[in-house]
Amino acid sequence: MNAAKEAKEANLNVRDGLRKIGAAFLSTREVSAQECVYRCMPELWLRNIFPKTLFVSTEFAENRVRFAKKQQELDELDDDSTDIFKSNIIVRYSDRPKNIPLVNDMCLALFAAHYFNDYKSDFNEVSDSQPEVLSDDFIESQNIENHNPELPDRIKLVNSKKIMKCRKIKAVIRYHTPNKRKEPEKYFHHLLMQSCCILPGVMSRNSLAKTRHTYLSFMSQMFKR
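Residues numbered from 1 in each chain as written. Predicted model: local features only at pLDDT ≥ 70, side-chain atom pairs only at ≥ 80, totals over all residues. Heavy atoms only, no water.

Enquirer: What am I meant to see in the packing of aromatic side chains here?
Expert: To describe a pair of aromatic rings, one takes the distance between the centres and the angle between the planes. For the structure shown, the criterion picks out 3 aromatic pairs. Between R96 and the ring centre of Y93, over which it is positioned, the NZ or CZ distance is 3.9 Å. (Phe/Tyr/Trp six-rings, centres within 6.5 Å; stacked < 30°, edge-to-face > 60°. Lys NZ or Arg CZ within 6 Å of the ring centre and 35° of its normal.)

Structure, rendered in structure tokens:
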């Protein structure tokens, strides 16, 4: 053991030698050959999912979980501002460009499956690690059967400066389906949000209450038209 060898070479007494060996046990650990290989190869994934999966919450607005902005971003807002939450896929869907018919006519599920907010940096980072051979772009380039070439590659959201990028392979949408018998309003609200081109604000319960509609009756009227 290196700690014992160093203690012997330094002519430490028994107490200091044991202290040095104890510190080595507390601060280091023995790793297997497999873990050494993994640490030397950062591009060797432990887990990778293809195609991508995305959870879309179709709960009522007051029941959805949202993340607050960073403190630095909150400090830059006006005192009376209510824009304290980070953007999510539902907000981005509401802000999709209306001047592109193909994008404007998309339902929430299709929009979430096709478009994503690209957080990756554009610069090429110099790295001496193993090159990323199986990158997302390479995998998508080998599987472009389901790609719609008519969709714009990038779109700019209406109420923000964010740019969303189109996937070559649609993501798999995951969602919670309420019980149709026990929670009929939540169930039909879920169907409307997923499959209809309606802004979430228009589908609020307050808006429906003014027209004396439920989500069930509202959906029935839509399919009768």
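Enquirer: Before we go on, may I ask you to explain the environment of N148 in this structure?
Expert: Mapped onto the elements of the fold, N148 is located in the loop between α8 (136-141) and β3 (154-156). Overall, the relative accessible area of 28% leaves N148 in the partly exposed class. Measuring from C-alpha to C-alpha, the distance between N148 and C166 comes to 9.6 Å, with 18 residues separating the pair along the chain. (Helix = DSSP H or I, 4+ residues; strand = E, 2+ residues; numbered from the N terminus. Buried < 20%, exposed > 50% of the residue type's maximum accessible area, 1.4 Å probe, protein only.)

Enquirer: Could you clarify how one ought to interpret the sheet that holds strand β2 (residues 115-117) in this entry?
Expert: The strands making up a sheet are joined through hydrogen bonds of the backbone, oriented either antiparallel or parallel. One open sheet accounts for 3 strands, arranged β2-β4-β3; its pairing is antiparallel. Because the sheet does not close on itself, it has two edges, and the strands there are β2 and β3. Here the strands of the sheet are splayed against their neighbours by 35° on average, with no regard to which way each runs. As defined by bridge partners, β2 adjoins strand β4 (residues 163-166) across 3 bridges and the pair is classed as antiparallel. Across the sheet, F116 pairs through a bridge with K165, a residue of β4. (Pairing = 2+ DSSP bridges. Axes fitted to C-alpha atoms, helices over the stretch in contact; angles between N-to-C directions.)

Bear in mind that shape data such as this cannot, by itself, settle questions of function.
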